Amino acid sequence: MTTAIEAKPAWATCNFPVMLDESVTQRVVAGAVLSRAESGSIFWDKPAPRSFVRGAVYDSAGKLCADSQRMGGVNADLVISVNPPILAQRERLDAEDTRLVGQWLYAGSWMHGFGHFLVETLPTLWPLFESGAEFDGIVAHRFNSPRTYDWQFEILRLLTDVEVHVVLDTPAVASQLTIATRPYHYQRHISAVADKVWTAVSEAAGGAIAAPVYLSRTLFHKAQGAHSEREFANSESVDDVFREYGFDVLFPETMSVTDQIRAARSAPILAGQSGSALHLSVFQQPGGKVLEVGDSRTRGKMIATQQAICAIKKQQVAQIPYKADDAGNLDLPNLRNALAPLIS
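Residues numbered from 1 in each chain as written. Predicted model: local features only at pLDDT ≥ 70, side-chain atom pairs only at ≥ 80, totals over all residues. Heavy atoms only, no water.

Caption draft 1: Representation of the packing of helix α7 (residues 235-244) against helix α10 (residues 332-343) in the model. Between α7 and α10, the least distance of the axes is 11 Å, while the angle of their chain directions is 25°. Looking at the two axes, α7 sits roughly parallel to α10. The chirality of how α7 crosses α10 is right-handed. Residues S237, V238, V241, F242 and E244 of α7 pack against L332, L335, R336 and L339 of α10. (Axes fitted to C-alpha atoms, helices over the stretch in contact; angles between N-to-C directions. Helix = DSSP H or I, 4+ residues; strand = E, 2+ residues; numbered from the N terminus. Parallel < 35°, antiparallel > 145°, perpendicular 65-115°, else oblique. Left-handed = near helix turned anticlockwise from the far one by under 90°. Contact = heavy atoms within 4.5 Å.)

What follows is the structure, given as structure tokens:
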């Protein structure tokens, strides 16, 4: 169960369930088999999950390593993991055709969404800093999309130059595979070890403290070519208000991901609409503040993942509750009245 805070235009701290240090573990599996990945829809009544993912680690005897699975199907997480307890012999034999030689680190689910990659995939690489092992490669299962993106590998290159292998529909065998506890269980709890990875990425990207930053969605929505219920109809005017109050207005989709990380790291206040872009706050330096502008989805409460980030990074946070007319135009006087005390 997540702990929601009532969104108010005033700085506060977040409370979110934190994992005990002793519950964050790692282990090495010899001759580990990585099953093929699969995803699809399921048709259950609400509030049951709507889709499934398959893809996990098995020991050399074909027994499921339960700790390699992603926990899902809780609260607003509508994706569950479905992996057989014993992997079929045929699939184990097929896996022999793709051998990952040496010591590999299992990164869990290779999330295709930007925010989920930052908070679920990336932190699972914490053994890079905790195990003392020299890894030959990183391997993960694709989640509910087979697509990979250049920006994902650009982030990883800030941490390591080892080979990266994403399991799609072909299983594989790893000589030695380290399976580590996933630091963020979506909408459930988070571990402080996640920040070790975020800090390492942030420091590698660099960037000195600069002006407050507002992450605009104006160009993103224009590029979509279709109206979204979550967009502000007067988004350009919202951008102008933030400029009035001294914010650098940035358009993330026009920047490299490394430059996005630098901008977040450098911002004493990182502001933006609720969603993935604001999860760049994982890269802020200590003392940074996070300002979320509510939308038609979040209204007056911050989403759980942003709460988890702010809690583990000990960031002060504020949310400006959503207030708009029937056409979706954000109330600009209300925005100004909320901003004024926050930046004074």
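Caption draft 2: Structural view of unusual backbone geometry. Its identity as a non-glycine residue notwithstanding, Q187 has a phi of 65°, on the positive side. Considering the arrangement of structural elements, one finds Q187 in the loop between β10 (184-185) and β11 (189-190). A residue is classified by how much of its surface remains accessible, and Q187, at 11% relative accessible area, is buried. (Buried < 20%, exposed > 50% of the residue type's maximum accessible area, 1.4 Å probe, protein only.)

Caption draft 3: Region of the structure containing the environment of I303. Tracing the chain through its elements places I303 in the loop between β15 (289-293) and α9 (304-312). Residue classification places I303 among the buried residues on the basis of a relative accessible area of 19%. Remark: the alpha-carbon pair of I303 and Q187, spanning 116 residues in sequence, is separated by 9.1 Å. Excluding residues within four positions of it along the chain, I303 makes contact with S274, G275, H279, E292, R297 and T298.

Caption draft 4: Up close: the pairing of strand β7 (residues 137-142). Taking burial as the measure, the 6 residues of β7 include 6 buried ones, the bulk of the element. Inspection of the sheet shows strand β6 (residues 99-110) paired to β7 by 5 bridges, in the parallel sense. In the strand pairing of β7, L105 is matched with I138. Note that β7 and strand β8 (residues 163-167) share 5 bridges and pair parallel. Within β8, the position partnered with G137 by the bridge is E163. Taken together, β7, helix α4 (residues 150-157) and β8 constitute a β-α-β crossover, and its handedness is right-handed. (Pairing = 2+ DSSP bridges. Right-handed = clockwise from strand over helix to strand, strands pointing away.)

Caption draft 5: Fine view of the sheet that holds β15. The parallel open sheet is built from 5 strands, whose spatial order is β13-β12-β14-β15-β16. Pairing within the sheet leaves two strands with one partner each, and these edge strands are β13 (248-250) and β16 (316-320). Neighbour-to-neighbour, the strand axes of the sheet open up by a mean angle of 20°, direction not taken into account. Of the strand pairs in this sheet, strand β12 (residues 213-215) and strand β14 (residues 269-273) are connected by 3 bridges, and their pairing is parallel. Counterpart to Y214 in the pairing with β14 is A271.

Caption draft 6: Quick peek at the sheet that holds strand β5 (residues 79-81). In spatial order, the strands read β2-β3-β5; together these 3 strands make up an open sheet with mixed pairing. Two strands bound the open sheet, and with one partner strand each, they are β2 (38-41) and β5. Averaged over neighbouring strand pairs, the angle between their axes works out to 20° when direction is ignored. Where β2 meets strand β3 (residues 51-54), 4 bridges bridge the pair, whose relative direction is antiparallel.

Caption draft 7: Expanded view of the nonpolar core. Counting residues in hydrophobic clusters, the biggest one holds 58 residues, and the most contacted among them are L122, W198 and F283. F232, A271, L291 and L335 belong to the second-largest nonpolar core, a separate cluster that totals 21 residues. (Core = buried A, V, L, I, M, F, W, Y, C linked by side-chain atoms within 4.5 Å.)

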